[in-house]
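# Examination of the molecular architecture
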Amino acid sequence: MSKTMGKAAEAIDSDLISHLTELRKRLIFVAGWFIASLCAGLYVAPRILTFVKGHLGSIEVEWSVFALSDGIAVYMKCALLVGIILTLPFLMYHLWAFARPGMTENEAKSTLLYVPTSSLLFVCGVLFGYTVALPMMIKFMIKLNQSMGANEVYGIQHYMSFLISFLLPMGIAFEMPLVMTFLTRIGMLTPDKLKQVRKYAYVGLAIVGTLISPPDFVSHLSVTLPLIVLFEISAFISTRYYRRKLAMQTI
């Protein structure tokens, strides 16, 4: 009996060491990819900053530097952001590959789609925020500052921090379809629960749209309505997935 338990313990230890070794190897790959992406970010950072400064429609914003370190700080933030964005899909793939042995063939194929889909949705959210919501917000703030007779001097570091803090939540918000599909997949979300929370979701999205948009009705609608449409698309996808999953289980 003790010999059997000893062999079982040795097998468990061997499997654990094997898993940890594989995890370590994959983390090294991800770290190497991140370093390469960071180098790419350092190379393209000046071009990205020039693009951001000159591509906000008719808005012209002059950047100022208030400290010697502002320029290098913004440069590094931009490079780090590029490195993170380029590394996230690679990281998600290796997490999927690490968990792959414990999945069935169908589960592996379906979850693999999460990797490119999540990246695409995040980019769509950032693009929407940059091309639609952000110009309206900046225009409103400029008009407000001018109405008070204030001289407009914008620090480059503060401007980029504001830009990142606004666009990242928009990118995360566009992950809603993927999150709701995943919750449906693991059984935490059903069509009945969606019907119960729909009105609360509308209120929550309206509050989010109000918080991240300028305080005028048109701006609120231009941000809130896409979020609500995104929620309804997510709910439709979630409901179809749930019904298809239920039909497969009853066969």
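One can find the structure itself at the top, above this paragraph.
A few points on the structure. (Residues numbered from 1 in each chain as written. Predicted model: local features only at pLDDT ≥ 70, side-chain atom pairs only at ≥ 80, totals over all residues. Heavy atoms only, no water.)

The next subject is helix 5 (residues 156–173). Every α-helical turn comprises 3.6 residues, leaving residues that sit three or four positions apart pointing alike. Across its 18 residues, helix 5 extends 26 Å between first and last C-alpha, which sits within 8% of the 26 Å expected from 1.5 Å per residue. Inspection of helix 5 places Ile156, Tyr159, Met160, Leu163, Phe166, Leu167, Met170 and Gly171 among the buried residues, and these make up the whole buried set. Projected down its long axis, helix 5 shows its buried positions confined to an angular sector of 140 degrees, all on one face. In this structure, helix 5 carries His158 and Ile172 as exposed residues pointing more than 90 degrees from its buried face. (Helix = DSSP H or I, 4+ residues; strand = E, 2+ residues; numbered from the N terminus. Expected span 1.5 Å × (residues − 1). Buried < 20%, exposed > 50% of the residue type's maximum accessible area, 1.4 Å probe, protein only. Arc of directions from axis to C-beta.)

Val61, Trp63, Tyr159, Met160, Phe166, Met180 and Phe231 are the most contacted members of the largest nonpolar core, which has 35 residues in total. For this core, the secondary structure elements donating two or more residues are helix 1 (2–54), helix 2 (70–99), helix 4 (114–147), helix 5, helix 6 (176–185), helix 7 (191–211) and helix 8 (217–250). (Core = buried A, V, L, I, M, F, W, Y, C linked by side-chain atoms within 4.5 Å.)

So, about the pattern of salt bridges. Evaluation of the coordinates by the stated rule reveals 2 salt bridges. Here Glu22 makes a salt bridge to Arg26, at a shortest N to O gap of 3.2 Å. In this pair, Glu22 and Arg26 both sit in helix 1, 4 residues apart, roughly one turn of the helix. For Arg26, a relative accessible area of 18% puts it in the buried group. (Salt bridge = Lys/Arg side-chain N within 4 Å of Asp/Glu carboxyl O.)

Turning our eyes to something else, we now look at the environment of Thr111. Its location among the elements puts Thr111 in helix 3 (residues 105–112). On a C-alpha basis, the gap between Thr111 and Arg100 in space is 9.4 Å, while along the polypeptide they are 11 residues apart. Apart from residues lying up to four places away in sequence, Thr111 is in contact with Trp96, Met103 and Arg185. (Contact = heavy atoms within 4.5 Å.)

Here the focus is the packing of aromatic side chains. Within the structure shown, the criterion is met by 6 aromatic pairs. Taking the centre distance of 5.4 Å and the plane angle of 50 degrees together, the rings of Trp63 and Tyr159 count as tilted. In this pair, Trp63 is assigned in strand 1 (residues 63–64) and Tyr159 in helix 5, connecting sequence segments 96 residues apart. (Phe/Tyr/Trp six-rings, centres within 6.5 Å; stacked < 30°, edge-to-face > 60°.)

With that out of the way, let us pick up the layout of surface pockets. Counted as a void, the largest pocket has a volume near 450 Å³. Lining the largest pocket are 17 residues; nearest its centre among them are Ile48, Leu81, Ile85, Val126 and Leu167. Counting residues per element, the ones that place at least two in the lining of the largest pocket are helix 1, helix 2, helix 4 and helix 5. A per-class count over the lining of the largest pocket returns 17 nonpolar, no polar and no charged. Within this model, the second largest pocket holds a volume of roughly 300 Å³. Lining the second largest pocket are Thr104, Asn106, Glu107, Ser110, Arg185, Tyr241, Arg244, Lys245, Met248 and Gln249. At the level of elements, helix 3 and helix 8 are the ones that each hand at least two residues to the lining of the second largest pocket. A per-element tally of the lining of the second largest pocket places helix 8 first, with 5 residues. (1 Å grid on protein atoms, 1.4 Å probe; cavity = no way out; pocket = protein on both sides within 12 Å on 5 of 7 lines; lining within 4 Å. Points joined across faces, edges and corners; volume = space filled by probe spheres on them. Nonpolar A, V, L, I, M, F, W, Y, C, P; charged D, E, K, R; others polar.)

Purely geometric stuff here, so don't read any function into it on its own.
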